[in-house]
Amino acid sequence: MSPKDNFVLPDLPENPSRRNFFKSGAAAVTLTLAPGITVMAFGGTAASAAGADAGKRWGLLIDVNKCAKDCTACVTACKDENGWAGYGDPEQNSQWIRKVTMRNKATGHETEMPVMCQHCEDPPCVDVCPTGASFKRVDGIVLVDKHTCIGCRYCMMACPFKARSFVHEPVNNQKPHAPRGQGTVESCTLCVHRVDKGQIPACVEACDATGHGAMVFGDLNDPASDISKALASYPSVALRPDLDLNPGVRYANL
Amino acid sequence: MKRLLTIVSLLFAVLALPVVAQDSGWRYGPTLSEASGDPHPEGNEYMRKFHMELMKHDRDMTLRDGEREIDASLKQCFDCHTVKDERTGDPVTYDDERHFCRTCHDFVSVKVDCFTCHRSTPEGFNEPSPLHARLLDLGASPEFEMVESFITSLETSSDQ
């Protein structure tokens, strides 16, 4: 049960409100059109009005071979987009995404790749959360509902990818679409505020802009999506496949 | 005579205006800063009573269901309800008692934690300090000062 079932909005004192008007207006427009064609009135796009779609599973494919050494475009873009650059103690700053270097001890070969929340199908962070703040959206995006987060950090212990951070210091100048503050846990949201508007995550956009094209974002459930086609045509792995978490983030050429 | 009547009725109209403009039921309480933009179709009285329910409802729609076309969006409140400092012309943060959300809340002794995470000013304004976003914000209460001096005493003793 999601907490919203607990809320019953009080009736308005008088006639139809803006909220009812908008809802019914939007529905009417969607209904009158042929299947597959939706036009939203009131400036919205079909994607933003629909919300999370249970038929989708959002994922990322990271081609490690294309990930350039010393390039941190994805990390910088995430910081800018979600405002977690931080100040004060660098040891306490959040990391929604980080570049990890792996060195093959036998050959000395080094591989770099970005690691962020892996958006597991069976997320351990959700299992352990005592308040239901850690949750998975119907479209597979794993989030913290900071309104119910009590800052206990069990989820940080449970995550095998160290993907979550705790905010130790008071924060100001947040981005309006990415509120964050002292005493709660946070992690990569797969740029849910952009995805809901039909856009791609900021890290993927930045990686594309550098020309490396190491990151592909898309719907794993749609066989025609770029990511599904890529996954079908060359080998890829999940991090920690032994844990059987079925992450939405996959790595190729690792 | 007709002219006199018009003048008298006009006078009455002018005198009656402030009374009409004040909507019913709001006679006692703090004075709110002026809002810009369109008023709420739900009406001021409804908003006064139920703004917290509306926001709680809509925040779950956004977070849990990804529904972003919401009416009671906390980030949008300050598009219309920004209080500016007369001297600097800058929007005030939640740290300031003139902030829109504090005018009533201070009056009725309500404290909300929304602004530890959410901006209390419109996007683009550079908030000078994170003071308003402290979690342990018991204000200037004696308890807070006690806790604060206790913590500082611990810090200074551990330095030695």
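Residues numbered from 1 in each chain as written. Chains lettered and ligands numbered in written order. Predicted model: local features only at pLDDT ≥ 70, side-chain atom pairs only at ≥ 80, totals over all residues. Heavy atoms only, no water.

Chemist: In this structure, what is going on with the overall build of chain A? I would like to understand it.
Modeler: Counting its regular elements, chain A contains eight helices and 10 strands. By the burial criterion, 46% of the 254 residues in chain A qualify as buried. Accessible surface, chain A as shown: approximately 12,700 Å² in total, 54% of it carbon and sulfur. (Helix = DSSP H or I, 4+ residues; strand = E, 2+ residues; numbered from the N terminus. Buried < 20%, exposed > 50% of the residue type's maximum accessible area, 1.4 Å probe, protein only. Areas by Shrake-Rupley, 256 points an atom, 1.4 Å probe, with all protein chains shown as cover.)

Chemist: I keep staring at helix α4 (residues 100–108) of chain B and nothing clicks. Help me out?
Modeler: Think of an α-helix as turning once every 3.6 residues; residues three or four places apart then point the same way. Residue and element names in this part refer to chain B. Turning to α4, its buried residues number three or more, namely Cys101, Arg102, Thr103 and His105. Buried residues along α4 sit against α2 (44–65) and α3 (74–80). Two residues or fewer past α4, Ser109 is found with a positive phi of approximately 60°. (Contact = heavy atoms within 4.5 Å.)

Chemist: Explain the packing of helix α3 (residues 73–82) of chain A against helix α7 (residues 202–210) of chain A here, please?
Modeler: Packed helices, taken two at a time, are described by the angle their axes make and the gap between the axes. Residues and elements named next belong to chain A. As a packed pair, α3 and α7 sit with axes 8 Å apart at the nearest point and diverge in direction by 135°. With respect to each other, α3 and α7 are oriented oblique. Crossing handedness for the pair α3 and α7: right-handed. Between α3 and α7, the contacting residues are Ala73, Cys74, Ala77 and Glu81 on the first element and Ala202, Cys203, Ala206 and Thr210 on the second. Of the residues belonging to the contact of α3 with α7, the class tally is six nonpolar, one polar and one charged. (Axes fitted to C-alpha atoms, helices over the stretch in contact; angles between N-to-C directions. Parallel < 35°, antiparallel > 145°, perpendicular 65-115°, else oblique. Left-handed = near helix turned anticlockwise from the far one by under 90°. Nonpolar A, V, L, I, M, F, W, Y, C, P; charged D, E, K, R; others polar.)

Chemist: I keep staring at the environment of Cys149 of chain A and nothing clicks. Help me out?
Modeler: Residues and elements named next belong to chain A. Within the secondary structure, Cys149 sits in the loop between β5 (142–144) and α5 (154–158). Since its relative accessible area comes to 16%, Cys149 is described here as buried. Linking Cys149 and Glu186, residues 37 residues apart in sequence, is a C-alpha distance of 9.6 Å. Ignoring any residue separated from it by four or fewer positions in sequence, one finds Cys149 in contact with Ala133, Val144, Thr184 and Val185.

Chemist: I would appreciate a short explanation of the confidence of the model for chain A in the present structure.
Modeler: If pLDDT is low for a region, its predicted coordinates should not be looked at in detail. All names here are of chain A. When pLDDT is averaged along chain A, the result is 85; 80% of the residues meet or exceed 70. pLDDT under 50 marks residues 1–5. Its contacts with residues more than four places away, or in other chains, come to six contacts. Low pLDDT, under 50, characterises residues 14–48; the stretch is placed with 41 contacts to residues that sit more than four places away or in other chains. (pLDDT = per-residue confidence, 0-100.)

Chemist: Explanation requested: α7 of chain A in the structure shown.
Modeler: Residues and elements named next belong to chain A. Among all positions in α7, only Ala202, Cys203, Val204, Ala206 and Cys207 are buried. Taken together, the buried residues of α7 touch β1 (58–63), α3, β2 (97–103), α6 (192–195) and β8 (215–219). Downstream of α7 by one or two residues, Gly211 has phi in the positive range, about 90°.

Chemist: I tried to follow the sheet that holds β8 of chain A on my own but got confused; where do I start?
Modeler: In any sheet, the strands associate via hydrogen bonds between backbone groups, in a parallel or an antiparallel arrangement. Residue and element names in this part refer to chain A. Judged by pairing direction, the sheet is mixed, and its four strands sit side by side in the order β8-β1-β10-β9 without closing on themselves. Of all strands in the sheet, those bounded by a partner on one side alone are β8 and β9 (236–237). Where α7 meets the sheet, its contacts fall on β1 and β8, and the angle it forms with β8 comes to roughly 135°. (Pairing = 2+ DSSP bridges.)

Chemist: What should I look at first to understand the nonpolar core in this one?
Modeler: It is characteristic of soluble globular proteins that their nonpolar side chains tend to be buried jointly. One finds Leu60, Ile97, Met116, Met215 and Tyr251 of chain A to be the most contacted residues of the largest nonpolar core, which totals 46 residues. For this core, the elements supplying multiple residues, two or more each, are β1, α3, β3 (110–116), β5, α6, α7, β8 and β10 (249–252) of chain A. By size, the runner-up hydrophobic cluster in this structure holds five residues, among which are Phe78, Tyr94, Cys101 and Phe115 of chain B. (Core = buried A, V, L, I, M, F, W, Y, C linked by side-chain atoms within 4.5 Å.)

Chemist: Help me out: how do you make sense of a negative patch on the surface in this one?
Modeler: Residues and elements named next belong to chain A. A contiguous patch of negative charge, built from Glu121, Asp122, Asp127 and Asp244, is present on the exposed surface. Tracing the sequence through the fold places Asp127 in helix α4 (residues 124–128). Using a relative accessible area of 62% as the deciding quantity, one classes Asp127 as exposed. (Patch = residues over 30% accessible without salt bridge, like charges linked within 9 Å, V, L, I, M, F, W, Y side chains within 5 Å. Salt bridge = Lys/Arg side-chain N within 4 Å of Asp/Glu carboxyl O. Lys, Arg positive; Asp, Glu negative; His and termini not counted. Charge placed at Lys NZ, Arg CZ, Asp CG, Glu CD.)

Chemist: Looking at this model, I keep getting lost on unusual backbone geometry. Mind explaining?
Modeler: Residues other than glycine predominantly adopt negative phi, and peptide bonds predominantly adopt the trans conformation. Residues and elements named next belong to chain A. Look at Asn173: it is not a glycine, yet its phi comes out positive at around 55°. Residue position: Asn173 is located in the loop between β6 (165–166) and β7 (185–186). Of note, Asn246 is a non-glycine position whose phi angle comes to about 45°, a positive value. With respect to the helices and strands, Asn246 occurs in the loop between β9 and β10. The exposure class assigned to Asn246 is partly exposed, which follows from its relative accessible area of 30%.

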